[in-house]
Amino acid sequence: MAKKTTNGKVAAKADAADKLKDFMVDGMKDLYWAEKALVKNLPKMAKNATSKKLKDAINLHLEETREQVNRLEAAFKAIKLKPEAVKCDAMDGLIKEAAGILEETEPGAVRDAGIIAAAQKVEHYEIASHGTLATYAKLLGNKEVMELMLTTLREEKACDKDLTKLAKSEINLKAK
């Protein structure tokens, strides 16, 4: 929890970012952890889905996520830094929520609807994060990092769109 001063403002930690590049790197470390965590957790989601289309969508995104990890490694290399993962509290929470959904639903269409809901929350977090980092990279004049982030951003948006289509056309209808 952030330390507050007497006037309610949050005091910065000793190693707090004071330059946009430092803040961008912090975001990259967060996302690197997040994407690696998804590589570990997406198979569990696929295994618990009952819809073949949903299983296929998750497995396709797992392959994309592996490439996104590689892209983040390339982004670190582009700014001459070693890839470093720092625990992403947001993704950790989203993964825990997804695990809770599995425990709180019976196998079948309702669980599949829950998996889609959890996956879309993840996608929306990733869309916001990659979009922000692409904007920072552009402002900092790092076209390579910007392009890497934009490539992943396009994949995340496409995944979200595909999940919405699957939910509306099949899964949610069976769950109702």
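### Looking at the packing of helix α3 (residues 89–104) against helix α4 (residues 109–139)
Logical step 1: As a packed pair, α3 and α4 sit with axes 9 Å apart at the nearest point and diverge in direction by 175°. Considering the angle they form, α3 stands roughly antiparallel to α4. Contact residues: A90, M91, L94, E97, A98, I101 and L102 in α3; R111, G114, I115, A118, K121, V122, Y125 and E126 in α4.
Logical step 2: The residue inventory of the contact of α3 with α4, partitioned by class, reads 10 nonpolar, one polar and four charged.

### Looking at unusual backbone geometry
Logical step 1: Phi angles above zero are rare outside glycine, and K80 is one such case at about 60°.
Logical step 2: Tracing the backbone through its elements, the reader meets K80 in the loop between α2 (52–78) and α3.
Logical step 3: The exposed category is assigned to K80, whose relative accessible area is 74%.

### With respect to the nonpolar core
Logical step 1: Within the largest apolar cluster, 46 residues are counted, with the highest numbers of intra-cluster contacts made by M24, M28, L54, I58, M91 and M149.
Logical step 2: If you list the elements that add at least two residues to this core, you get α1 (20–48), α2, α3, α4 and α5 (143–175).
Logical step 3: Looking at this core, the element that brings in the most residues is α1, giving 11 residues.
Logical step 4: For M149, the contacting residues outside a window of four places in its chain are M28, L72, A75, H130, L133 and A134.

### Things to note about a nonpolar patch on the surface
Logical step 1: A cluster of nonpolar residues, L20, F23, L139 and L140, forms a patch on the protein surface that exposes about 380 Å² of accessible area.
Logical step 2: With respect to the helices and strands, L20 occurs in helix α1.
Logical step 3: L20 sits in the partly exposed class, given a relative accessible area of 31%.

### Some words on the pattern of salt bridges
Logical step 1: For the coordinates displayed, the defined rule picks out nine salt bridges.
Logical step 2: Note that K29 and E84 form a salt bridge whose closest N and O atoms lie 3.3 Å from each other. Residue K29 is found in helix α1, and its partner E84 is found in the loop between α2 and α3; the two are separated by 55 residues along the sequence.
Logical step 3: For K29, a relative accessible area of 18% gives the class buried.
Logical step 4: Overall, E84 belongs to the partly exposed group, its relative accessible area being 37%.

### Brief notes about α5
Logical step 1: Under the 1.5 Å per step criterion, the end-to-end length of α5 is 45 Å for 33 residues, consistent within 8% with the ideal 48 Å.
Logical step 2: At A167, α5 shows its maximal bend, which comes to roughly 55°.

### What about the environment of L163?
Logical step 1: On the secondary structure map, L163 appears in helix α5.
Logical step 2: Relative accessible area serves as the criterion here: at 4%, L163 is assigned to the buried category.
Logical step 3: Sequence separation between L163 and L31 is 132 residues; the distance between their C-alpha atoms is 21 Å.
Logical step 4: Excluding anything up to four places from it in sequence, L163 contacts L54, I116, A119, Q120 and E123.

### A look at the packing of aromatic side chains
Logical step 1: Scanning the model with the defined rule gives two aromatic pairs in all.
Logical step 2: Aromatic side chains F23 and Y136 sit 5.9 Å apart centroid to centroid with 45° between the ring planes, which places their arrangement in the tilted category. Of this pair, F23 sits in helix α1 while Y136 sits in helix α4; the two residues are 113 residues apart in sequence, bridging distant segments of the chain.
Logical step 3: Given a relative accessible area of 18%, Y136 falls into the buried group.
Logical step 4: Considering the side-chain rings of Y32 and F76, the 5.7 Å spacing of their centres and the 70° angle between planes classify their relative orientation as edge-to-face. Of this pair, Y32 sits in helix α1 while F76 sits in helix α2, and the two are 44 residues apart along the sequence. Both residues of the pair, Y32 and F76, belong to the buried class.

The rules we used
Residues numbered from 1 in each chain as written. Predicted model: local features only at pLDDT ≥ 70, side-chain atom pairs only at ≥ 80, totals over all residues. Heavy atoms only, no water. Axes fitted to C-alpha atoms, helices over the stretch in contact; angles between N-to-C directions. Helix = DSSP H or I, 4+ residues; strand = E, 2+ residues; numbered from the N terminus. Parallel < 35°, antiparallel > 145°, perpendicular 65-115°, else oblique. Contact = heavy atoms within 4.5 Å. Nonpolar A, V, L, I, M, F, W, Y, C, P; charged D, E, K, R; others polar. Buried < 20%, exposed > 50% of the residue type's maximum accessible area, 1.4 Å probe, protein only. Core = buried A, V, L, I, M, F, W, Y, C linked by side-chain atoms within 4.5 Å. Patch = residues over 30% accessible without salt bridge, like charges linked within 9 Å, V, L, I, M, F, W, Y side chains within 5 Å. Areas by Shrake-Rupley, 256 points an atom, 1.4 Å probe, with all protein chains shown as cover. Salt bridge = Lys/Arg side-chain N within 4 Å of Asp/Glu carboxyl O. Expected span 1.5 Å × (residues − 1). Bend = angle between axes of the 7 residues up to and from the residue. Phe/Tyr/Trp six-rings, centres within 6.5 Å; stacked < 30°, edge-to-face > 60°.

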